[in-house]
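Examining the three-dimensional arrangement
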Amino acid sequence: MNGDANTAADITQEVFLKLLENIQAVRLLGKFQNYLLTIAVNTCNNYFKKAKPTYTDLESLEITDGTDSSFEKMIEDENKLEVRRAIDALPDYQKEVIILRFYHELKIREIAKITQSSVPTVKSRLQQGLKKLQRYLNDFKGGESI
């Protein structure tokens, strides 16, 4: 959840509360994982539609000692942050399929079921989202190839 453990914990708790409230709706024919991820996706989407600005506590920031390993870690952290920003900049429907595909390693059919979309639609959203990510990250790196 954008690096905020407290927000992630709150949303996770909300997902499981919704799951418990609606457990009778789970069909024995479907995959439980798909049902759970559908609830999670919808809960996250609802949260970020009404999200408030987040603030970082200055005391929680790490101070680097200037060594090569800390510099490399700083670069790696910056790259991860930039990828997160790029994903966050995508429209929700593209962000959703990219997260489900690459972070949760779901298959296209599973994503289609969770998002209640057709397989060709999911493929299109995934392809368009990846192209936008590539353009964004190329701009971030100054036009270098990924």
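In short, a report on the structure. (Residues numbered from 1 in each chain as written. Predicted model: local features only at pLDDT ≥ 70, side-chain atom pairs only at ≥ 80, totals over all residues. Heavy atoms only, no water.)

**A short note on the packing of aromatic side chains**
The tally for this structure, following the rule as stated, stands at zero aromatic pairs. A cation over a ring is seen here: Arg-101 above Phe-102, with NZ or CZ 5.9 Å from the ring centre. (Phe/Tyr/Trp six-rings, centres within 6.5 Å; stacked < 30°, edge-to-face > 60°. Lys NZ or Arg CZ within 6 Å of the ring centre and 35° of its normal.)

**Remarks on unusual backbone geometry**
If you check the backbone angles, Glu-105 has positive phi at about 55° while not being a glycine. Within the fold, Glu-105 resides in the loop between α4 (92-103) and α5 (108-115). The exposure class assigned to Glu-105 is exposed, which follows from its relative accessible area of 67%. Notably, Gln-116 is not glycine yet its phi reads approximately 55°, a positive angle. The residue Gln-116 is located in the loop between α5 and α6 (119-140) in this model. (Helix = DSSP H or I, 4+ residues; strand = E, 2+ residues; numbered from the N terminus. Buried < 20%, exposed > 50% of the residue type's maximum accessible area, 1.4 Å probe, protein only.)

**What to know about the nonpolar core**
Counting 17 residues, the largest nonpolar core has Ile-98, Leu-100, Leu-106, Ile-111, Ile-114, Val-122 and Leu-133 as its most contacted members. For this core, the secondary-structure elements that each account for two or more residues are α2 (32-49), α3 (68-89), α4, α5 and α6. With six residues, the next largest nonpolar core counts Ile-11, Leu-19, Ile-39 and Ala-40 among its residues. (Core = buried A, V, L, I, M, F, W, Y, C linked by side-chain atoms within 4.5 Å.)

**Observations regarding the side chain of Gln-94**
With respect to the secondary-structure elements, Gln-94 resides in helix α4. Gln-94 sits in the buried class, given a relative accessible area of 0%. If near-sequence neighbours (up to four positions away) are discounted, Gln-94 is found in contact with Arg-125, Gln-128, Gly-129 and Lys-132. (Contact = heavy atoms within 4.5 Å.)

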